[in-house]
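Results of the structural survey
One-letter residues, chain by chain:
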Amino acid sequence: MTIELRRITAEEWDPWYDALEWAFGGVPESPEERGLWRELALLDRSLGVFDEGRVVGTYGEFALGLSVPGGAVVETGGVTMVSVAGTHRRRGLLRRMMERGLAAARERGEALSALTAAEAPIYGRFGYGIAAHSLSARVPKHRVGVAAPPPGTDEVRLTVTTPAEALARCEEVYAQLVPRRPGMLERRPGWERSVLLDPPGERGGASERRCVVAERDGRPVGYARYALKVEWDRAVPSGAVLVRDLDAVDPAAHAALLRYLLGLDLTDRVELVGRPVDDPLVHLLSDVRRSDLQLRDRLHLRLVDVGAALAARRYAAGVDVVLAVRDAFCPWNEGRWRLSGGPGGAVCERTTDPAELELDVRALGAAYLGGSTLAALAAAGQVGEARAGALTPASTAFGHPVAPWLPHGF
Ligand SMILES: CC(=O)SCCNC(=O)CCNC(=O)[C@H](O)C(C)(C)COP(=O)(O)OP(=O)(O)OC[C@H]1O[C@@H](n2cnc3c(N)ncnc32)[C@H](O)[C@@H]1OP(=O)(O)O
């Protein structure tokens, strides 16, 4: 068998994408969706594994801008469209594609690589840590409401329209949130169309998506995109409000949008997925116990260049610590690094000084955006304290008041 791993050509994109769809179960995406991914994925970073000319492996990348603590946007390779044909699995083809992809990212000088995983256990072995989790909620609207909406909630003006008509106002809100919340993706050209994708074949019986826009003094302050799935159970409405996005720049706008969604008729529940773990809904809902909150892994992050990545973010408190990093998959990161910095910025350079904390690069990925504390990772045995007393100040410095969150998949 002659197996070849190489970049694909523009002419090979279609059979390459067909192979990807086949590996994911064979249900074709809408032409609109397929066309958009074709436009946004980078052809020169799209790898294929070929067996006698037939595509048996796929690996793609997007060029993303990821918000990090302190508000900087860091150039990040977004790994996507990964698959290996059923006939060729468990022979190391994914490993080979990841090696190639991460080596290329290093050559380009990229500090971070990110992905969302089809199955949670796949990417830890390649040095990815879970940098952001997400919450889902299923709120029984006749039992649960918005408790104590903040002042100003009643003054928020709501209008309902189509996502396309509201797009410019929604994007204005989204752009304000990016520097505030680590993990959010800067909106690059073309990506605004991804939030409008709503192929009829993927609605599962729900309506076309709608958009409710929250405004104050004529300025957009929030929005939610949602669909209605109206169902009847022996003449009683039993459907759902399916919320795809809910973004707001202030508490009153958030509460007004949530109250609106919970008040929609002919449904008995509101389903929210992919919310930040510190979503205001946790505090706004009158009964979280009945709201079926569930935690999931969401953003998997890898430090491709430990020094550059740690210097790119800011720290909640002064930090001066020597990290001994293990990285079997990208050995150029192995060794000791001194991280010195604080709220104003940081430097991170190689050192021969003795280690104070010992950890795998995967733990650094989990802590990088402030989503998991180094102390919590230490409690799970993933960070070792080589110098007594080093853990707590470093853990505080790596923290961030706003939980990281990935607003949409890629
Ligand atoms: C970012 C994204 O695009 S996520 C999408 C991933 N794609 C899919 O889930 C589509 C369906 N699945 C597949 O196509 C394949 O099974 C893949 C791509 C997940 C794995 O490809 P393979 O070539 O079989 O992986 P490979 O042989 O290189 O395995 C590497 C390691 O990952 C492990 N592994 C691979 N797939 C899985 C999985 N689904 N769950 C847990 N472990 C896995 C292997 O056991 C192996 O472990 P080892 O290092 O301890 O030996």
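The notes below deal with the structure included here. (Residues numbered from 1 in each chain as written. Predicted model: local features only at pLDDT ≥ 70, side-chain atom pairs only at ≥ 80, totals over all residues.)

Here M81, not a glycine, exhibits a phi torsion of approximately 55 degrees, which is positive. Mapped onto the secondary structure, M81 falls in strand β4 (residues 73–84). Residue classification places M81 among the buried positions, given that 21 C-beta atoms sit within 10 Å. For L266, which is not a glycine, the phi torsion comes out positive at approximately 60 degrees. Within the secondary structure layout, L266 lies in the loop between α6 (251–262) and β13 (267–275). (Helix = DSSP H or I, 4+ residues; strand = E, 2+ residues; numbered from the N terminus. Buried ≥ 20, exposed ≤ 12 C-beta atoms within 10 Å, placed from the backbone.)

Turning our attention to the site of the ligand. Among the 22 residues in the neighbourhood of the ligand, the closest are listed as V82, V84, R89, L94 and A118. Of all the secondary-structure elements, those providing two or more residues to the shell around the ligand are β4 and α3 (93–108). Residue composition of the shell around the ligand, grouped by class: 13 nonpolar, 3 polar and 6 charged. (Near = placed C-beta within 6 Å. Nonpolar A, V, L, I, M, F, W, Y, C, P; charged D, E, K, R; others polar.)

On to the sheet that holds strand β12 (residues 239–248). Spatially, the 12 strands line up as an open sheet ordered β1-β2-β3-β4-β5-β14-β6-β13-β12-β9-β8-β7, and their pairing is mixed. Both outer strands of the open sheet, β1 (3–7) and β7 (157–161), are each paired with one neighbouring strand and no more. Taking the axes of each pair of neighbouring strands and ignoring which way they run, one obtains an average angle of 25 degrees across the sheet. Relative to strand β5 (residues 112–115), β4 is paired through 3 bridges, and the arrangement is parallel. Of the residues in β5, the one forming a bridge with G77 is S113. (Pairing = 2+ DSSP bridges. Axes fitted to C-alpha atoms, helices over the stretch in contact; angles between N-to-C directions.)

Strand order across the open sheet formed by 5 strands is β17-β16-β15-β18-β19, with mixed pairing between neighbours. The two strands at the open ends of the sheet, each matched to only one other strand, are β17 (345–350) and β19 (383–385). Strand-to-strand twist in this sheet, taken as the mean axis angle between neighbours without regard to direction, amounts to 25 degrees. Two strands pair when backbone bridges link them, and strand β15 (residues 319–326) and strand β16 (residues 335–342) are joined in this way by 7 bridges, in the antiparallel orientation. What sits directly across from D320, in β16, is S340. Relative to β15, helix α11 (residues 391–398) is tilted by about 95 degrees, and along the sheet it contacts β15, β18 (357–360) and β19. (Contact = placed C-beta atoms within 7 Å.)

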